[in-house]
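Understanding the architecture of this molecule
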Amino acid sequence: MKRKYKSIVPTYAVLILFALIWILPLVVAFIKSFTINGFGNYAYVLSYEKINYFKVVFNSVFIAAISAAAVTVITALGAFAFFKMKVAGSKIIYGAILACLAVPVAAVTTPLFVTIKNLGLLDSKFGVIIPLIAFNAPMMLLMLKNYFDTIPNELLESTRIDGASSFRIWYEFMLPLSVPMIANVLVLTFIYSWNDYLIPLLVIRSEENYPVTLAAQYFMSSTYQSPVDVARIYAVMMLLTFPSILVYLFSQKYLVAGAVAGAVKG
């Protein structure tokens, strides 16, 4: 029993330390958001004339939800085609897609901007969604590939012998077996899209299309920040972060299930 506790205590100590490192900034921001005016700071942000808080949140939810749904469908189909079907050159194509992981968004801002402008999508939500899909898909494809590898090919062959088409195998067999990882991909893509700053900064021009990552700049535009301004900045940060925290809290079981789903190959 003592040996068991000796092995557990260091693990919990490390986990608690990292939890504190993550939680401490949120706690500090939450406390400072109530300094001086209390809930008046939040009321000020919600009634701010230049930026409609609920419109901004809706824009971010729309962009993140569409991006997450598209990435999930594309990568689920792609992982099945690459690794459960005999497609010529699949390994080469997959390797080329993974190579895109080494390319940061900042390195392609100029061609990205020109492409979005030529497509007529500048200052539109879909002008943000399309790049988000492109940059999130390779990582999510890798995650789904690792999970699909755990599903024996013999099971798929037996369904093909019974006369099932490839699409039917994917829809009725692979998707139900892959729910934990698909949910993981959906949630992670949503959060990554919600938190992205560079692509909206590059594409969005009008205030009515601002997501949460761009709206915060209206509260930090001046060089000098009074104590009241600082408290309001913390309030806006808490309000803009709150929806993504809710997503984390309600989806953590899917994140945990997806993280361990492909850990063992068999």
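The following refers to the structure shown. Given the structure is predicted, the values throughout are model-derived calculations rather than measurements.

This brings us to the layout of surface pockets. In this structure, the largest pocket encloses a volume near 640 Å³. M237, T241, F242, S244 and I245 are the residues nearest the centre of the largest pocket, which is lined by 25 residues in total. It is helix 12 (residues 227-261) that provides the largest number of residues to the lining of the largest pocket, a total of 11 residues. For the lining of the largest pocket, the class distribution of residues is 19 nonpolar, six polar and no charged.

With the exception of glycine, most residues fall at negative phi, and the peptide bonds are largely trans. Although it is not a glycine, I36 adopts a positive phi angle of roughly 70°. Residue position: I36 is located in the loop between helix 1 (2-32) and helix 2 (40-46). Phi at D123 is positive, roughly 60°, even though this residue is not glycine. Along the chain, D123 falls in the loop between helix 5 (109-118) and helix 6 (125-148).

Once that is clear, we can look at the packing of aromatic side chains. By the definition in use, this model includes 12 aromatic pairs. Here F30 and F34 contribute two aromatic rings whose centre-to-centre distance is 5.0 Å and whose plane-to-plane angle is 70°, an arrangement assigned as edge-to-face. Among the residues examined, F30 registers a relative accessible area of 42% and is labelled partly exposed. For F34, a relative accessible area of 26% corresponds to the partly exposed category. Centre to centre, the rings of F167 and Y171 are 6.1 Å apart; their planes meet at 5°, and the pair counts as stacked. With F167 and Y171 both in helix 8 (residues 166-177) and four residues apart, this pair spans about one turn of that helix. Above the ring of Y44, the side-chain terminus of R232 is found at 3.7 Å from the ring centroid.

Turning our attention to empty space enclosed by the protein. The final tally for this structure, using the stated rule, is two cavities of 30 Å³ or more. Its boundaries defined by the atoms lining it, the largest cavity holds a volume of some 60 Å³. Lining the largest cavity are S60, I63, V128, L132, S193, W194, D196, P200 and P211. When residues of the lining of the largest cavity are traced back to their parent elements, those giving at least two are helix 3 (53-84), helix 6 and helix 9 (179-195). In terms of residue class, the lining of the largest cavity is made up of six nonpolar, two polar and one charged. Space inside the second largest cavity adds up to approximately 50 Å³. If you go around the second largest cavity, the residues you meet are V45, I51, Y53, A215, F219, V236 and L240.

In a regular helix each residue adds 1.5 Å, so 17 residues correspond to 24 Å; helix 9 covers 24 Å between its end C-alpha atoms and thus fits that length. Burial analysis of helix 9 places 12 of its 17 residues in the buried class, which makes it a mostly covered element. Where helix 9 is concerned, the buried positions are M181, I182, A183, N184, V185, V187, L188, T189, F190, I191, S193 and W194.

Turning next to a nonpolar patch on the surface. On the surface, W22, I23, V27, F30 and I31 cluster together into a nonpolar patch covering about 510 Å² of accessible area. Within the fold, I31 resides in helix 1. Assessed through its relative accessible area of 53%, I31 is described here as exposed.

Tracing the backbone through its elements, the reader meets T72 in helix 3. Taking the C-alpha atoms as reference points, T72 and I182, separated by 110 residues in sequence, lie 6.7 Å from one another. The residues contacting T72, other than those within four sequence positions of it, are I182, V185 and L186.

Calculation notes
Residues numbered from 1 in each chain as written. Predicted model: local features only at pLDDT ≥ 70, side-chain atom pairs only at ≥ 80, totals over all residues. Heavy atoms only, no water. 1 Å grid on protein atoms, 1.4 Å probe; cavity = no way out; pocket = protein on both sides within 12 Å on 5 of 7 lines; lining within 4 Å. Points joined across faces, edges and corners; volume = space filled by probe spheres on them. Helix = DSSP H or I, 4+ residues; strand = E, 2+ residues; numbered from the N terminus. Nonpolar A, V, L, I, M, F, W, Y, C, P; charged D, E, K, R; others polar. Phe/Tyr/Trp six-rings, centres within 6.5 Å; stacked < 30°, edge-to-face > 60°. Buried < 20%, exposed > 50% of the residue type's maximum accessible area, 1.4 Å probe, protein only. Lys NZ or Arg CZ within 6 Å of the ring centre and 35° of its normal. Expected span 1.5 Å × (residues − 1). Patch = residues over 30% accessible without salt bridge, like charges linked within 9 Å, V, L, I, M, F, W, Y side chains within 5 Å. Areas by Shrake-Rupley, 256 points an atom, 1.4 Å probe, with all protein chains shown as cover. Salt bridge = Lys/Arg side-chain N within 4 Å of Asp/Glu carboxyl O. Contact = heavy atoms within 4.5 Å.

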